[in-house]
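# Observations on the three-dimensional arrangement
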Amino acid sequence: MALTITQIHPVFAGEVSGVDLTKPLSRDEAKMIDDGMNQYAVLVFRDQNISDEQQIAFTRNFGELEAKEKPGNIRKATESRLGAGISDLSNLTKDGKVISADDRQWFFKLGDRLWHSDSSYAVIPAKFSALSARAIPSWGGNTDFADMRAAYDALDDRTKAEVEDLICEHSLIFSRAAVGFTDLTPEEVANFKPVRQRLVRTHQATGRKSLFLSSHAGAIVGWTIPEARSYLRELTEHATQREFVYSHQWRQYDLVMWDNRATMHRAKRFDRNEVRDMRRTTLGGDRPTVEQAEAA
Ligand code: OGA
Ligand code: MN
(Lines give C-alpha, C1' and ligand atoms only; values in the text may rest on other atoms or scores of the structure.)
(Ligands and ions follow the chains in the order given, each with its own letter.)
Protein backbone atom coordinates (compact mmCIF):
# COMPACT_ATOMS: atom_id res chain seq x y z
CA MET A 1 0.00 0.00 0.00
CA ALA A 2 1.81 3.12 -1.20
CA LEU A 3 1.51 6.40 0.62
CA THR A 4 -0.37 9.04 -1.34
CA ILE A 5 -1.44 12.60 -0.50
CA THR A 6 -4.52 14.21 -2.02
CA GLN A 7 -5.17 17.93 -1.65
CA ILE A 8 -8.54 18.49 0.05
CA HIS A 9 -8.85 22.28 -0.06
CA PRO A 10 -8.23 24.74 -2.93
CA VAL A 11 -5.16 26.36 -1.33
CA PHE A 12 -3.69 23.87 1.20
CA ALA A 13 -4.39 20.78 3.35
CA GLY A 14 -3.90 17.20 2.17
CA GLU A 15 -5.28 13.81 3.13
CA VAL A 16 -2.75 11.04 3.46
CA SER A 17 -3.65 7.45 2.70
CA GLY A 18 -1.73 4.20 2.57
CA VAL A 19 0.10 4.55 5.87
CA ASP A 20 -0.36 2.94 9.29
CA LEU A 21 0.73 5.26 12.10
CA THR A 22 0.72 2.48 14.70
CA LYS A 23 3.88 1.14 12.99
CA PRO A 24 7.29 2.76 12.57
CA LEU A 25 7.49 4.81 9.36
CA SER A 26 9.90 3.83 6.64
CA ARG A 27 12.43 6.46 5.64
CA ASP A 28 10.49 7.07 2.40
CA GLU A 29 7.19 7.47 4.22
CA ALA A 30 8.69 9.97 6.65
CA LYS A 31 10.18 11.94 3.78
CA MET A 32 6.88 12.01 1.86
CA ILE A 33 5.04 13.23 4.95
CA ASP A 34 7.68 15.87 5.67
CA ASP A 35 7.51 17.10 2.07
CA GLY A 36 3.72 17.01 2.32
CA MET A 37 3.82 19.20 5.42
CA ASN A 38 5.92 21.74 3.54
CA GLN A 39 3.51 21.76 0.64
CA TYR A 40 0.10 21.41 2.31
CA ALA A 41 0.85 22.69 5.89
CA VAL A 42 -2.03 20.52 7.23
CA LEU A 43 -2.21 16.76 6.77
CA VAL A 44 -5.16 14.54 7.66
CA PHE A 45 -4.70 10.84 8.47
CA ARG A 46 -7.94 8.85 8.80
CA ASP A 47 -8.60 5.68 10.80
CA GLN A 48 -5.47 5.77 12.97
CA ASN A 49 -6.37 4.05 16.23
CA ILE A 50 -3.08 4.79 17.98
CA SER A 51 -1.82 4.72 21.54
CA ASP A 52 -0.13 7.71 23.18
CA GLU A 53 3.25 6.00 22.76
CA GLN A 54 2.62 5.41 19.05
CA GLN A 55 1.55 9.03 18.60
CA ILE A 56 4.74 10.24 20.28
CA ALA A 57 6.89 7.90 18.17
CA PHE A 58 5.18 9.07 14.96
CA THR A 59 5.63 12.74 15.84
CA ARG A 60 9.30 12.32 16.64
CA ASN A 61 10.00 11.44 13.00
CA PHE A 62 9.79 15.16 12.30
CA GLY A 63 11.71 16.79 15.15
CA GLU A 64 12.10 17.09 18.91
CA LEU A 65 9.12 17.22 21.23
CA GLU A 66 8.52 20.68 22.64
CA ALA A 67 10.26 21.25 25.98
CA LYS A 68 8.12 20.73 29.06
CA GLU A 69 9.01 24.00 30.76
CA LYS A 70 7.08 26.18 28.34
CA PRO A 71 4.95 28.75 30.11
CA GLY A 72 1.57 27.46 28.92
CA ASN A 73 0.56 25.09 31.69
CA ILE A 74 -1.70 26.23 34.47
CA ARG A 75 -1.93 22.61 35.60
CA LYS A 76 0.92 20.72 37.20
CA ALA A 77 2.14 17.52 35.52
CA THR A 78 0.93 15.51 38.53
CA GLU A 79 -2.63 16.71 37.84
CA SER A 80 -2.53 15.53 34.24
CA ARG A 81 -4.65 12.65 32.92
CA LEU A 82 -1.95 11.74 30.39
CA GLY A 83 1.72 10.83 30.65
CA ALA A 84 4.80 12.76 29.58
CA GLY A 85 5.09 13.96 25.99
CA ILE A 86 1.38 14.28 25.24
CA SER A 87 -0.95 17.19 25.97
CA ASP A 88 -4.53 16.78 27.03
CA LEU A 89 -6.79 18.78 24.71
CA SER A 90 -9.92 17.03 26.01
CA ASN A 91 -12.74 18.36 28.17
CA LEU A 92 -11.95 15.75 30.85
CA THR A 93 -10.48 15.92 34.34
CA LYS A 94 -7.75 13.63 35.60
CA ASP A 95 -10.48 11.13 36.62
CA GLY A 96 -11.99 11.09 33.14
CA LYS A 97 -15.08 13.16 34.06
CA VAL A 98 -16.28 16.11 32.01
CA ILE A 99 -14.75 19.33 33.40
CA SER A 100 -17.35 21.48 35.11
CA ALA A 101 -18.44 24.62 33.31
CA ASP A 102 -17.01 26.95 35.95
CA ASP A 103 -13.61 25.26 36.27
CA ARG A 104 -10.81 27.69 35.45
CA GLN A 105 -9.15 24.89 33.49
CA TRP A 106 -12.15 24.99 31.19
CA PHE A 107 -12.04 28.80 30.92
CA PHE A 108 -8.45 28.41 29.92
CA LYS A 109 -9.26 25.85 27.23
CA LEU A 110 -11.94 28.12 25.81
CA GLY A 111 -9.08 30.37 24.67
CA ASP A 112 -8.44 27.73 21.96
CA ARG A 113 -11.72 28.82 20.33
CA LEU A 114 -9.85 31.89 19.06
CA TRP A 115 -7.51 31.70 16.06
CA HIS A 116 -3.99 30.93 17.21
CA SER A 117 -0.66 29.31 16.47
CA ASP A 118 0.54 26.91 19.17
CA SER A 119 3.04 28.30 21.67
CA SER A 120 3.34 31.63 19.88
CA TYR A 121 3.52 32.98 23.44
CA ALA A 122 6.84 31.14 23.93
CA VAL A 123 10.22 32.55 22.86
CA ILE A 124 10.62 29.56 20.55
CA PRO A 125 7.16 28.83 19.13
CA ALA A 126 6.04 25.34 18.09
CA LYS A 127 6.87 23.63 14.81
CA PHE A 128 4.30 20.87 14.15
CA SER A 129 1.33 19.83 16.29
CA ALA A 130 -0.37 16.45 15.84
CA LEU A 131 -3.88 16.08 17.24
CA SER A 132 -5.51 12.67 17.59
CA ALA A 133 -9.26 12.26 18.08
CA ARG A 134 -9.84 9.42 20.53
CA ALA A 135 -13.48 10.28 21.24
CA ILE A 136 -15.60 12.91 19.53
CA PRO A 137 -18.90 14.58 20.39
CA SER A 138 -22.03 13.86 18.33
CA TRP A 139 -22.21 17.44 17.04
CA GLY A 140 -19.77 20.28 16.33
CA GLY A 141 -16.20 20.41 17.59
CA ASN A 142 -14.57 20.98 14.20
CA THR A 143 -11.06 22.38 14.08
CA ASP A 144 -10.59 25.18 11.56
CA PHE A 145 -7.24 25.86 9.90
CA ALA A 146 -6.14 28.98 8.01
CA ASP A 147 -3.27 29.11 5.52
CA MET A 148 -1.13 32.06 6.57
CA ARG A 149 1.08 31.77 3.48
CA ALA A 150 -1.90 32.28 1.17
CA ALA A 151 -3.05 35.10 3.45
CA TYR A 152 0.34 36.79 3.16
CA ASP A 153 0.47 36.34 -0.62
CA ALA A 154 -2.94 38.01 -0.97
CA LEU A 155 -1.92 41.22 0.83
CA ASP A 156 -1.52 44.29 -1.35
CA ASP A 157 2.03 45.55 -1.87
CA ARG A 158 1.68 48.48 0.47
CA THR A 159 0.52 46.25 3.32
CA LYS A 160 3.29 43.75 2.59
CA ALA A 161 5.84 46.55 2.94
CA GLU A 162 4.20 47.77 6.13
CA VAL A 163 4.10 44.40 7.90
CA GLU A 164 7.54 43.23 6.76
CA ASP A 165 9.53 44.29 9.82
CA LEU A 166 6.83 44.62 12.46
CA ILE A 167 7.38 42.85 15.77
CA CYS A 168 4.42 41.73 17.89
CA GLU A 169 4.16 40.84 21.55
CA HIS A 170 2.44 37.54 22.33
CA SER A 171 1.16 36.31 25.69
CA LEU A 172 -1.49 33.98 27.05
CA ILE A 173 -2.65 37.01 29.02
CA PHE A 174 -3.89 38.63 25.77
CA SER A 175 -5.69 35.55 24.39
CA ARG A 176 -7.35 34.70 27.70
CA ALA A 177 -8.42 38.32 28.22
CA ALA A 178 -10.05 38.10 24.79
CA VAL A 179 -12.51 35.51 26.14
CA GLY A 180 -12.94 37.52 29.35
CA PHE A 181 -10.72 35.33 31.52
CA THR A 182 -8.52 37.65 33.53
CA ASP A 183 -8.47 35.86 36.87
CA LEU A 184 -4.78 34.92 36.75
CA THR A 185 -2.54 34.39 39.77
CA PRO A 186 0.55 36.61 40.16
CA GLU A 187 2.63 33.53 39.35
CA GLU A 188 0.74 33.00 36.08
CA VAL A 189 1.07 36.65 35.14
CA ALA A 190 4.83 36.33 35.69
CA ASN A 191 4.98 33.11 33.62
CA PHE A 192 2.94 34.64 30.82
CA LYS A 193 5.29 37.57 30.29
CA PRO A 194 4.94 38.71 26.65
CA VAL A 195 7.50 37.52 24.12
CA ARG A 196 8.37 39.06 20.76
CA GLN A 197 7.60 37.50 17.40
CA ARG A 198 8.03 38.77 13.86
CA LEU A 199 4.73 39.43 12.10
CA VAL A 200 6.13 38.09 8.82
CA ARG A 201 8.13 34.90 8.92
CA THR A 202 9.94 33.05 6.18
CA HIS A 203 9.57 29.29 6.25
CA GLN A 204 12.88 27.53 6.79
CA ALA A 205 12.18 24.72 4.33
CA THR A 206 10.17 26.40 1.58
CA GLY A 207 11.26 30.04 1.76
CA ARG A 208 7.59 31.07 1.65
CA LYS A 209 6.53 34.05 3.70
CA SER A 210 3.55 33.91 6.01
CA LEU A 211 1.72 36.13 8.47
CA PHE A 212 2.52 35.09 12.02
CA LEU A 213 -0.73 36.05 13.70
CA SER A 214 -2.30 34.51 16.81
CA SER A 215 -4.84 35.58 19.43
CA HIS A 216 -1.88 35.60 21.77
CA ALA A 217 -0.64 38.72 19.92
CA GLY A 218 -1.73 41.83 21.81
CA ALA A 219 0.76 44.54 20.95
CA ILE A 220 3.05 45.76 18.17
CA VAL A 221 6.40 47.18 19.27
CA GLY A 222 6.38 50.98 18.84
CA TRP A 223 2.62 51.21 18.28
CA THR A 224 -0.14 52.30 20.65
CA ILE A 225 -2.29 49.42 21.92
CA PRO A 226 -5.52 50.55 20.21
CA GLU A 227 -3.77 51.00 16.86
CA ALA A 228 -2.04 47.62 17.24
CA ARG A 229 -5.14 45.70 18.30
CA SER A 230 -7.31 47.11 15.55
CA TYR A 231 -4.64 46.38 12.94
CA LEU A 232 -4.07 42.83 14.21
CA ARG A 233 -7.80 42.26 14.10
CA GLU A 234 -8.02 43.56 10.53
CA LEU A 235 -5.14 41.31 9.44
CA THR A 236 -6.71 38.33 11.23
CA GLU A 237 -10.02 38.91 9.48
CA HIS A 238 -8.20 39.05 6.16
CA ALA A 239 -6.22 35.88 6.94
CA THR A 240 -9.20 33.84 8.08
CA GLN A 241 -11.59 34.64 5.25
CA ARG A 242 -13.28 31.62 3.81
CA GLU A 243 -10.97 30.99 0.88
CA PHE A 244 -8.01 30.44 3.20
CA VAL A 245 -9.82 28.19 5.71
CA TYR A 246 -10.14 24.40 5.85
CA SER A 247 -12.61 23.21 8.49
CA HIS A 248 -11.81 19.71 9.70
CA GLN A 249 -14.82 17.66 10.65
CA TRP A 250 -13.46 15.00 12.97
CA ARG A 251 -14.09 11.30 12.83
CA GLN A 252 -12.91 9.09 15.65
CA TYR A 253 -9.25 8.06 15.15
CA ASP A 254 -8.41 10.91 12.80
CA LEU A 255 -5.00 12.39 13.33
CA VAL A 256 -4.35 15.86 11.94
CA MET A 257 -0.87 17.34 11.85
CA TRP A 258 -0.26 21.01 11.09
CA ASP A 259 2.68 23.36 10.73
CA ASN A 260 2.29 26.18 13.27
CA ARG A 261 4.80 28.23 11.28
CA ALA A 262 2.46 28.41 8.30
CA THR A 263 -1.07 28.14 9.70
CA MET A 264 -3.44 29.23 12.47
CA HIS A 265 -6.21 27.08 13.91
CA ARG A 266 -9.14 27.24 16.28
CA ALA A 267 -11.52 24.81 17.99
CA LYS A 268 -15.25 25.08 17.32
CA ARG A 269 -18.09 24.75 19.78
CA PHE A 270 -19.59 21.41 20.78
CA ASP A 271 -21.91 20.17 23.54
CA ARG A 272 -19.65 20.47 26.58
CA ASN A 273 -21.53 17.66 28.37
CA GLU A 274 -20.32 15.16 25.79
CA VAL A 275 -16.80 13.75 25.86
CA ARG A 276 -14.29 15.15 23.40
CA ASP A 277 -11.01 13.34 23.96
CA MET A 278 -8.28 14.94 21.85
CA ARG A 279 -4.58 14.37 22.50
CA ARG A 280 -1.75 16.44 21.12
CA THR A 281 1.92 15.93 20.53
CA THR A 282 3.93 19.02 19.73
CA LEU A 283 7.32 19.61 18.16
CA GLY A 284 9.38 22.54 19.33
CA GLY A 285 10.70 25.07 16.86
CA ASP A 286 14.44 25.45 16.61
CA ARG A 287 14.88 29.21 16.94
CA PRO A 288 13.13 32.41 18.02
CA THR A 289 11.61 34.50 15.21
CA VAL A 290 13.35 37.60 16.54
CA GLU A 291 15.87 38.57 19.20
CA GLN A 292 14.14 39.12 22.51
CA ALA A 293 14.23 42.43 24.33
CA GLU A 294 16.48 42.68 27.34
CA ALA A 295 14.67 41.76 30.54
CA ALA A 296 13.34 44.95 32.07
C1 OGA B 1 -4.68 22.33 19.72
C2 OGA B 1 -5.96 23.05 19.54
C3 OGA B 1 -8.19 22.69 18.78
C4 OGA B 1 -9.24 21.67 18.94
O5 OGA B 1 -4.71 21.10 19.76
O6 OGA B 1 -3.64 23.01 19.78
O7 OGA B 1 -5.99 24.26 19.53
O8 OGA B 1 -10.14 21.65 18.09
N9 OGA B 1 -7.01 22.25 19.36
O10 OGA B 1 -9.21 20.93 19.93
MN1 MN C 1 -3.87 25.02 19.49
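Anything mentioned here points back to the structure above.
Attention in this report is confined to the structure presented alongside it. (Residues numbered from 1 in each chain as written. Chains lettered and ligands numbered in written order. Predicted model: local features only at pLDDT ≥ 70, side-chain atom pairs only at ≥ 80, totals over all residues. Heavy atoms only, no water.)

### Some words on the coordination of the manganese ion (ligand 2)
Within the protein, the atoms that donate to the manganese ion (ligand 2) are His-116 (NE2), Asp-118 (OD) and His-265 (NE2), at distances of 2.1 to 2.2 Å. Coordination of the manganese ion (ligand 2) draws on donor residues from a single chain, spaced H-x1-D-x146-H in sequence. Of this pair, Asp-118 sits in the loop between α3 (104–110) and β5 (126–135) while His-265 sits in strand β14 (residues 263–267), placing them 147 residues apart in sequence. For Asp-118, a relative accessible area of 3% gives the class buried. (Donors = N, O, S within 2.8 Å, 3.2 Å for Na, K, Ca; no water. Helix = DSSP H or I, 4+ residues; strand = E, 2+ residues; numbered from the N terminus. Buried < 20%, exposed > 50% of the residue type's maximum accessible area, 1.4 Å probe, protein only.)

### Structural notes on the site of ligand 1
Taken together, Leu-89, Asp-112, His-116, Asp-118, Leu-131, Thr-143, Trp-258, His-265, Ala-267, Arg-276 and Arg-280 form the complete shell of residues around ligand 1. Here Thr-143 contributes a side-chain N or O atom positioned 2.6 Å from an oxygen atom of ligand 1. For ligand 1, an oxygen atom lies 2.8 Å from a polar atom in the side chain of Arg-276. Protein contact buries 98% of the 290 Å² of open area that ligand 1 shows by itself. (Near = heavy atom within 4 Å. Polar contact = N/O pair within 3.5 Å; in protein donor to acceptor, adjacent residues only side chain to side chain. Areas by Shrake-Rupley, 256 points an atom, 1.4 Å probe, with all protein chains shown as cover.)

### Looking at the environment of Thr-240
On the secondary structure map, Thr-240 appears in the loop between α8 (225–239) and β12 (245–248). You can call Thr-240 buried: its relative accessible area is 18%. With 96 residues separating them in the primary sequence, Thr-240 and Asp-144 have C-alpha atoms 9.4 Å apart. Those residues in contact with Thr-240 that sit more than four places away from it in its chain are Trp-115, Ala-146, Val-245 and Met-264. A polar atom in the side chain of Thr-240 sits 2.7 Å from the backbone oxygen of Thr-236. (Contact = heavy atoms within 4.5 Å.)

### A closer look at the pairing of strand β3 (residues 42–45)
Burial of β3 is two-sided: the residues Val-42 and Val-44 facing one way and the residues Leu-43 and Phe-45 facing the other way are all buried. Inspection of the sheet shows strand β2 (residues 14–17) paired to β3 by 3 bridges, in the parallel sense. Paired with Val-16 across the strands is Phe-45, a residue of β3. Handedness of the crossover joining β2 and β3 through helix α1 (residues 27–40) is recorded here as right-handed. Taken together, the 4 bridges between β3 and strand β13 (residues 255–259) define a ladder with antiparallel strand orientation. Counterpart to Leu-43 in the pairing with β13 is Met-257. (Pairing = 2+ DSSP bridges. Right-handed = clockwise from strand over helix to strand, strands pointing away.)

### Brief notes about the pattern of salt bridges
Here the idea is simple: oppositely charged side chains can pair when their charged atoms come close. Within this structure, the stated rule accounts for 21 salt bridges. A salt bridge links Asp-254 to Arg-46; the shortest N-O distance between them is 2.8 Å. Here Asp-254, found in the loop between β12 and β13, pairs with Arg-46, found in the loop between β3 and α2 (52–59); they are 208 residues apart in sequence, far enough to count as distant. You can call Arg-46 buried: its relative accessible area is 17%. Between Arg-287 and Asp-286 there is a salt bridge, with its nearest N and O atoms 3.2 Å apart. On the basis of relative accessible area, Arg-287 is assigned to the partly exposed category, the value being 46%. Residue Asp-286 is classed as exposed on the basis of its relative accessible area of 53%. One network of salt bridges, with partners in common, ties together Asp-52, Arg-81, Asp-88, Arg-134, Asp-277 and Arg-279. (Salt bridge = Lys/Arg side-chain N within 4 Å of Asp/Glu carboxyl O.)

### Points about the nonpolar core
Across soluble globular proteins, you tend to see nonpolar side chains buried next to one another. Formed by 24 residues in total, the largest nonpolar core has its most connected members in Val-163, Leu-199, Leu-211 and Leu-213. The set of elements that each furnish at least two residues to this core consists of α4 (148–153), β11 (217–220) and α8. The biggest single contributor to this core is α8, with 5 residues. With residues near it in sequence (within four places) discarded, Val-163 still touches Leu-155, Leu-199, Val-200, Leu-211, Tyr-231 and Leu-235. (Core = buried A, V, L, I, M, F, W, Y, C linked by side-chain atoms within 4.5 Å.)

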